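# Overview (structure and organization)
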Amino acid sequence: MKGAFSDNERLYAQHLQNKLYPDHTYSVVSGGEPLAIPNLSWEQLKQFHATHYHPSNARLFTYGDLPLEQHLKQIDQEALSKFQRIHPNTQVPSQPHWTSPREEHVTCSPDAMAPDATRQNTLCVSYLLGDITDTFEAFTLSLLSSLMTSGPNAPFYKALIEPKIGTDFSSVVGYDGSTKEASFSIGLQGMAEDDAEKVKNIIHRTIDDIIETGFEDERIEALLHKIEIQMKHQSTNFGLSLASYIASSWNHDGDPVELLQISNSVLKFRQALRENPRFLQDKVQHYFKDNTHRLTLSMSPDDTYLDKQASAEERILQEKISALSDSDKKDIYEKGLQLLDAQSKTQDASCLPALKVSDIAPTIPITPVHMTKADGVPLQLCEQPTNGLVYFRAMCSLNTLPEDLKLYVPLFCSVITKLGSGSMDYRQQAQQMELRTGGMSVSTQVIPDCTHMDMFEQGVLLSSSCLERNLPHMFQLWGDIFNSPRFDDRERLRVLVMMSAQELANGISDSGHVYAMTQAGHLLTPAGELLETFDGMDQVKFMKRIAEMSDLTPVLRTLPRIKKHLLNPKNMRCAINATPQQTSKSVAHLESFMKDVAGNKKHFKAVRPNVVERPLDVRNVSGASRTLVAHPNFQPCHMKTFIQMPFPVNFVGESVRTVPYSHEDYASLCVLGRMMTAKFLHGEIREKGGAYGGGARMGGGGLFSFYSYRDPNSVQTLSAFSKGVNWVKSAKFTQQDIDEAKLSVFSAVDSPVAPSSKGMSVFLSGITDEMKQRHRERLFDVTRENLLDVAERYLSVGNKTCGVSILGPENDVIKRDPSWVVK
């Protein structure tokens, strides 16, 4: 839990829940308060497990097209029949309602990556709502929350975000139905301590305004349209999403079937609005204005926070040690040896059901795609059962963009759909997007070539979806963005910059291992260097600098320059996934869009001289192609980088340059990564080392990466990586280990692909079904000798070309070692 609470957002959310529900189970940390865990006895842990992790306290959920009777029979035979029913008494009581509001204050560690070091306070007002088992009331409050907080047209967005009092909403915002009684929270992070009273007054005043004026009908319709889109969109984890959606209410004896009847709730909601036009305003009056169970929680940084935590931990540890006799210490030492011995043994997994490699289908189903053109722009069509939705993508090349603008591209992507365009300001634009589409976004793309380590494609991807009836509206919105984006609103840009910088800073503690691996690999391939620029710590630091600028005029001037190169039909290719009945209509609307934006066609010279054209379909070399950048003289460079962060844990990454996707050794390295993770690194890094997680994996860009997540160790983990390679070379693994690793790889290779994403691997990466099949066959053929061979040739000391990176707290060992670059 020390790792979890290294994230100030997580720490704040935990305090908020504990203090809003102070009288029962929600008042404690479910995963264990770090300073309280040493007081937990083995008997208490064992008893808790026997009571709470018992089938009598379980809910069983199945999803799929297999016969239910067989499922139930197996569940009974393999599990339920082996236990006696007990009464665990795990019902959560209602929280006694306060008669007056309360205020609390907590502290946290400072954030070195915060956009403004002098504004690191958080304040939030949280309200206790109703029981989540009241399905329609919960549905209504969830919609009400979205109307109050989501998007630039929401009252709280206008009142709290746009005045730039803080950088973003507080980490806990909106409706939370994960507890027996729901809550609603609203506040700010990244604010000055002196603004606390101002924020509280704004919150109360905004609630009064909502009660008086209510919500525009168009905003309500936009929200209901969003629900319609969500119901039609088919995701690959649909069953799991349903289970997650119903879990909270069902665990508190709510009706799971009623929860799934969303259309009924929508109809009931519309009827309630017809019968009472002030229906939503009355809810605001009841749950917010008149609610005395209201908590105002503030959090401020304390420079000594981590030292205080460490001192308290050391004091508890010393108290425990001083109370031990010599025999107690000997007993603990011997049990520690027994634990180490147990951790080093291979567990007997024969009782677990398992697939065999022979159960895996030898071939993949073919996804037919059709290559054509729309007004001269290459177009890939993929006919799919999309349930009435049309999915549009456009890949726009970055090859002509000047190098000095590259750092700005992620910012451009995040703001281009949020600044307003054409005759619409940003609020009107956001409203139309919600009313007419399932979302519109632009994202950076760095796609390594599947055949060559030193070639890659660079671009941005435009993505959107809509109901078939809204096709003309969706393309009109894109047309306005291409033809007349608004780059003149400094205040709007300031808001977006602050939110983006805050989001990046907050994300480090959750994704530190990804940042570490990106940094470790940034000098090993040309693509790795650009990935660090777009998605690495370089981008986090750049956005911090932008957020600290007093005048954003220079940034505003760069956006039109970037737009000229990126939103250029000359450098585009498009893809549409739709039903067969809607394909021709979708193409017609796309052609109209391309004609509408034809004025943006410009011919710019590529910045890099070595540009290679690759057809998407090798059988149709005259069709759509990818424009790759080649670096024939690239020289990979080894570097060890340490980035000091205000966390009590480390994120460790090591990346090794190996081979691209199409190489015959790629499959062996994929299997090797899975096997090393499951059979060696997990035990060394997590079970023995105490990290939250760790392992090895083969990346699509040809980098084999080791990593650890929220790790109390640093350089010791690098030794564990080396030991993992030596473990493989010592050939201490079995054929069963290899087969399990193959099954693990196949579970990813064969993971379902949603209709909206079919054909995207060839559109984005040029990886055809034939290439996937060849890779599949190589996975089947991986042998023990292959694994020993690739471990020796690519991962052995002296043979490997690698980079290392650690994000973590101050480290004297690394500082004294001149081989490390400390940032």
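Scoring rules and cut-offs
Residues numbered from 1 in each chain as written. Predicted model: local features only at pLDDT ≥ 70, side-chain atom pairs only at ≥ 80, totals over all residues. Heavy atoms only, no water. Helix = DSSP H or I, 4+ residues; strand = E, 2+ residues; numbered from the N terminus. Rg over C-alpha atoms; globule rule 2.2 N^0.38 Å. Contact = heavy atoms within 4.5 Å. Areas by Shrake-Rupley, 256 points an atom, 1.4 Å probe, with all protein chains shown as cover. Lys, Arg positive; Asp, Glu negative; His and termini not counted. Charge placed at Lys NZ, Arg CZ, Asp CG, Glu CD. Patch = residues over 30% accessible without salt bridge, like charges linked within 9 Å, V, L, I, M, F, W, Y side chains within 5 Å. Salt bridge = Lys/Arg side-chain N within 4 Å of Asp/Glu carboxyl O. Buried < 20%, exposed > 50% of the residue type's maximum accessible area, 1.4 Å probe, protein only. Pairing = 2+ DSSP bridges. Axes fitted to C-alpha atoms, helices over the stretch in contact; angles between N-to-C directions. pLDDT = per-residue confidence, 0-100. Core = buried A, V, L, I, M, F, W, Y, C linked by side-chain atoms within 4.5 Å. Parallel < 35°, antiparallel > 145°, perpendicular 65-115°, else oblique. Nonpolar A, V, L, I, M, F, W, Y, C, P; charged D, E, K, R; others polar. Expected span 1.5 Å × (residues − 1). Arc of directions from axis to C-beta. Phe/Tyr/Trp six-rings, centres within 6.5 Å; stacked < 30°, edge-to-face > 60°. Lys NZ or Arg CZ within 6 Å of the ring centre and 35° of its normal.

All right, on to the overall build of the chain then. What the chain contains, in helices and strands, is 28 helices and 20 strands. Here the chain has a C-alpha radius of gyration of 28 Å; the compact-globule value for 823 residues is 28 Å, and the two agree. Of all intrachain contacts in the chain linking residues separated by at least 6 positions in sequence, the fraction that spans at least 24 positions is 82%. As displayed, the chain offers around 38,400 Å² of accessible surface, 51% of which is attributable to carbon and sulfur atoms. Computing the positive centroid from 86 side-chain charges and the negative centroid from 97, the chain places the two 4 Å apart.

The next point concerns a nonpolar patch on the surface. Together, Leu40, Trp42 and Leu45 make up an exposed nonpolar region whose accessible area comes to about 340 Å². In this fold, Trp42 is placed in helix α2 (residues 42–52). Judged by its relative accessible area of 57%, Trp42 falls in the exposed class.

Looking now at the pairing of strand β17 (residues 693–698). Counting buried positions along β17 gives five out of six residues, so the element sits mostly inside the fold. Bridge analysis of β17 against strand β18 (residues 703–711) gives six bridges, and the strand direction is antiparallel. Residue Gly694 lies in a different strand from β18, and its bridge partner there is Ser708. Counted between consecutive antiparallel strands, the loop separating β17 from β18 contains four residues, among which Gly702 sits at a positive phi close to 85 degrees.

Taking strand neighbours across the sheet as the criterion, the six strands line up as β17-β18-β16-β19-β15-β20 in an open arrangement whose pairing is mixed. Looking along the sheet, the strands with just one partner apiece sit at the ends: β17 and β20 (820–822). Each neighbouring strand pair of the sheet contributes to a mean axis angle of 15 degrees, computed without reference to strand direction. Sheet strands touched by helix α22 (residues 666–688): β17 and β18. Its angle to β17, the strand with the most contacts, is close to 170 degrees.

Counting across every chain of the model gives 31 salt bridges. Between Lys308 and Asp302 there is a salt bridge whose closest N-O contact spans 2.8 Å. Two residues, Asp789 and Arg793, come together in a salt bridge whose shortest N-O distance is 2.7 Å. With Asp789 and Arg793 both in helix α27 (residues 784–795), this residue pair falls four residues apart, about one helical turn.

As a further point, take the confidence of the model for the chain. Put simply, the chain has an average pLDDT of 93, and 99% of its residues get 70 or more. Of all helices and strands in the chain, the one with the weakest mean pLDDT is strand β13 (residues 611–615) (86), whereas helix α14 (residues 409–415) scores best (98).

With 112 residues, the main nonpolar core has Phe156, Phe288, Phe392 and Leu590 as its most contacted residues. Beyond its immediate sequence surroundings of up to four residues, Phe288 is in contact with Tyr127, Leu129, Leu144, Met148, Phe184, Ile207, Lys283 and Arg294. In this structure, Ile360, Leu681, Ile767 and Trp820 belong to the second largest nonpolar core, which totals 50 residues.

For the pair helix α4 (residues 135–149) and helix α11 (residues 279–289), interaxial distance at closest approach is 11 Å and the crossing angle is 95 degrees. Judged by the angle between their axes, α4 and α11 are roughly perpendicular. For the pair formed by α4 and α11, the contact residues are Phe136, Glu137, Thr140, Leu141, Leu144, Leu147 and Met148 on the first element and Phe279, Leu280, Lys283, Val284, Tyr287 and Phe288 on the second. Looking at the contact of α4 with α11 residue by residue, the class counts come to ten nonpolar, one polar and two charged.

With 14 residues, helix α10 (residues 262–275) extends 20 Å between its outermost C-alpha atoms, agreeing within 8% with the 20 Å of an ideal straight helix rising 1.5 Å per residue. Within α10 the residues assigned to the buried category are Ser265, Val266, Phe269 and Ala272. Along the axis of α10, the buried residues cluster in a sector spanning 125 degrees; they form a single face. Exposed and oriented more than 90 degrees from the buried face of α10 are Leu267, Arg274 and Glu275.

Right, let's get into helix α16 (residues 471–483). Between its terminal C-alpha atoms α16 stretches 18 Å, which fits the 18 Å expected from 13 residues at 1.5 Å a residue. The set of residues buried in α16 consists of Leu471, Met474, Phe475, Leu477, Trp478, Gly479, Asp480, Ile481 and Phe482.

This next bit is on the packing of aromatic side chains. The geometry of an aromatic ring pair is captured by the separation of the ring centres together with the interplanar angle, meaning the angle of the planes. A full pass over the atoms with the stated rule returns 25 aromatic pairs. Here the aromatic rings of Phe647 and Phe651 are separated by 6.0 Å at their centres, their planes lie at 80 degrees, and the arrangement is edge-to-face. A residue is classified by how much of its surface remains accessible, and Phe651, at 0% relative accessible area, is buried. For the ring pair Phe680 and Trp727, a centre distance of 5.8 Å and an interplane angle of 25 degrees mean the geometry is stacked. Residue Phe680 is found in helix α22, and its partner Trp727 is found in helix α23 (residues 715–729); the two are separated by 47 residues along the sequence. Trp727 matches Phe680 in its accessibility class, with the two residues each being buried. Counting every residue linked through ring pairs, the aromatic cluster contains Phe392, Phe475, Trp478, Phe482 and Phe593. Above the plane of the ring of Phe763 lies Arg573, whose end atom (NZ or CZ) is 5.1 Å from the centre. Note that Arg697 overlies the ring of Tyr707, its terminal NZ or CZ placed 5.3 Å from the centroid.

Looking at where Ser344 falls in the secondary structure, it is placed in helix α13 (residues 326–344). Each C-alpha atom of the pair Ser344 and Phe680 lies 9.1 Å from the other, and the pair is 336 residues apart in sequence.

A separate point is the pairing of strand β8 (residues 377–383). Of all the seven residues making up β8, six are buried; the element is thus mostly covered by neighbouring parts of the structure. Once strand β7 (residues 370–374) ends, the chain turns through two residues before running back antiparallel as β8, passing Asp375 with a positive phi of about 50 degrees.

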